[in-house]
Amino acid sequence: MGFSKFHFKDLHPGEEIVRVIHRNWFYIFQQFLVVFLAFFALFGGMLLVPVVFPELFSGINRPIALFMQNFFMLAIWVYSFLIWIDYYFDIWIITTERIINIEQKGLFTRKASELRFKKIQDVTTEVIGFLPTIFNYGDVKVQTAGEENEFVFRTVSDPY
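What you are looking at is a predicted structure, and each value in this text was computed from that prediction instead of being measured. (Residues numbered from 1 in each chain as written. Predicted model: local features only at pLDDT ≥ 70, side-chain atom pairs only at ≥ 80, totals over all residues. Heavy atoms only, no water.)

Caption draft 1: Representation of the sheet that holds strand E2 (residues 91-95). Strand order in the open sheet formed by four strands is E1-E2-E3-E4, with antiparallel pairing between adjacent strands. Edge strands, defined here as strands with exactly one partner in the open sheet, are strand E1 (17-21) and strand E4 (109-116). With direction set aside, neighbouring strand axes in the sheet form an average angle of 15°. Judged from the four bridges that link them, E2 and strand E3 (residues 98-105) form a sheet pairing that is antiparallel. Bridge pairing in E3 places Ile93 opposite Ile100. Against the sheet, helix H2 (residues 61-89) engages E2, E3 and E4, with an angle of about 175° to E3. (Pairing = 2+ DSSP bridges. Helix = DSSP H or I, 4+ residues; strand = E, 2+ residues; numbered from the N terminus. Axes fitted to C-alpha atoms, helices over the stretch in contact; angles between N-to-C directions. Contact = heavy atoms within 4.5 Å.)

Caption draft 2: Up close: the sheet that holds strand E7 (residues 150-157). In space, the three strands of this open sheet follow the order E5-E6-E7, with antiparallel pairing throughout. Unpaired on one side and paired on the other, strand E5 (120-126) and E7 mark the two borders of the sheet. Between one strand axis and the next, the sheet turns through 15° on average, direction left out of account. Inspection of the sheet shows strand E6 (residues 137-144) paired to E7 by six bridges, in the antiparallel sense. Considered in E7, the bridge of Gln143 is made with Glu150.

Encoded structure:
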């Protein structure tokens, strides 16, 4: 796969990266579908509202209406950026000795935890629904006896 120690600095001596897993592409597609709908609703409103309510875009109301349009465009852009950050930085690294779960929560919060193979008690795979079955993604739950009682790989490709 071409992974090296330089891609992940906390490898133990003799430990190698076997696989790096991200969420399935269909997860981000679903998230951005909502963003596209909000964008098109805003764009349609920008075209329709001046025709239906011309007094909103004249006189003293014009700067307020333009401010609101720009505010909602910026909100959509920020929400899109947060979706991308959450998708890109949620990763699971499987090495020859352990599983490392790095979970991004918002812009400034990241949680990293690891699970040694000798602590694994059970592994469960869930593919629920028509679309997950067609696009081959689902959840993998790794149960352990440690303080983290369950690792969940959410919406990963080829969960089996």
